[in-house]
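Remarks on the overall topology
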Amino acid sequence: AVVSTQSTGELSKELKSYAKTIHGKEQLLITAYAKALEIIPRQLCDNAGFDATVILNKLRQRHAQGDKWMGMDITSEDIADNFVACVWEPSIVKKNALTAACEACCTILSIDETVKNPNSNYKAPNAMPGM
């Protein structure tokens, strides 16, 4: 199976829609994850020198209309149908990238919690004895 190379916008839309069906903290987590996925096309716009707000609004509009293959077109400084333009990647690549990113994020958060843990029994030794 193949997906659009810029399918994170479509995935973000689907996650936001799914989050509305869930109650509690899980809804906040899924919404935050969906928002984080939108950083990818925003950064691509910034790197290409495009107005990210204009491009992302166009992409959101087209994705809402069901055009899931829409993505950025660097040559025309607009959006285009990535399926017609043959801009694809294997879905397993996208799945592995998202999995690795989530695992890295969880590791960072775990380390952060370990460092900030106020219940730690460890007492740092004084630099000089008798102080």
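Scroll up a little and you will see the structure.
To keep things clear, this report deals only with the structure shown in the data block. Quantities reported herein were computed from a predicted structural model and do not represent experimental measurements.

**Quick word on the overall build of the protein chain**
A tally of helices and strands in the protein chain yields five helices and four strands. Counted from the first residue to the last, the protein chain has its helices and strands arranged as β-α-α-α-α-β-β-β-α. Out of the 131 residues belonging to the protein chain, those deemed buried represent 24%. Considering only intrachain contacts with a sequence separation of at least 6, the fraction spanning at least 24 residues in the protein chain is 49%. Put simply, the protein chain shows about 9,500 Å² of open surface, and 61% of that area lies on carbon and sulfur atoms.

**Some points on the packing of aromatic side chains**
For the structure shown, the criterion picks out two aromatic pairs. An aromatic cluster is present here, built from Trp-69, Phe-83 and Trp-88 joined pairwise through their rings.

**Digging into the nonpolar core**
Grouped together as the largest cluster of nonpolar side chains are nine residues: Cys-45, Phe-50, Ala-52, Ile-55, Leu-56, Leu-59, Met-70, Met-72 and Ile-79. Among the secondary structure elements, those contributing two or more residues to this core are helix 4 (52-64) and strand 2 (70-73). Once residues lying within four places of it in the same chain are set aside, the contact partners of Cys-45 are Phe-50, Ala-52, Ile-55 and Met-72.

**Thoughts on the pairing of strand 3 (residues 78-81)**
Relative to strand 3, strand 2 is paired through four bridges, and the arrangement is antiparallel. By the bridge assignment for strand 3, Gly-71 is matched with Ala-80.

**Topic: the state of the cysteines**
Under the definition given, this model contains zero disulfides. Note on Cys-102: no disulfide assigned, nearest cysteine sulfur contributed by Cys-106 at a separation of 6.6 Å. The closest cysteine sulfur to the non-disulfide-bonded Cys-105 is located on Cys-106, 5.8 Å from its own sulfur.

**Some details on the pattern of salt bridges**
Enumeration according to the criterion identifies six salt bridges in this entry. Across the pair Glu-38 and Arg-60 runs a salt bridge, and its minimum N-O distance is 3.0 Å. Taken together, the positions of Glu-38 in the loop between helix 2 (25-37) and helix 3 (39-48) and Arg-60 in helix 4 put the pair 22 residues apart, joining distant regions of the chain. Assessed through its relative accessible area of 14%, Glu-38 is described here as buried. Linked by salt bridges that have partners in common, Lys-16, Glu-38 and Arg-60 make up one network.

Reading guide: rules and limits
Residues numbered from 1 in each chain as written. Predicted model: local features only at pLDDT ≥ 70, side-chain atom pairs only at ≥ 80, totals over all residues. Heavy atoms only, no water. Helix = DSSP H or I, 4+ residues; strand = E, 2+ residues; numbered from the N terminus. Buried < 20%, exposed > 50% of the residue type's maximum accessible area, 1.4 Å probe, protein only. Contact = heavy atoms within 4.5 Å. Areas by Shrake-Rupley, 256 points an atom, 1.4 Å probe, with all protein chains shown as cover. Phe/Tyr/Trp six-rings, centres within 6.5 Å; stacked < 30°, edge-to-face > 60°. Core = buried A, V, L, I, M, F, W, Y, C linked by side-chain atoms within 4.5 Å. Pairing = 2+ DSSP bridges. Disulfide = S-S within 2.5 Å. Salt bridge = Lys/Arg side-chain N within 4 Å of Asp/Glu carboxyl O.

These figures capture arrangement, not role.
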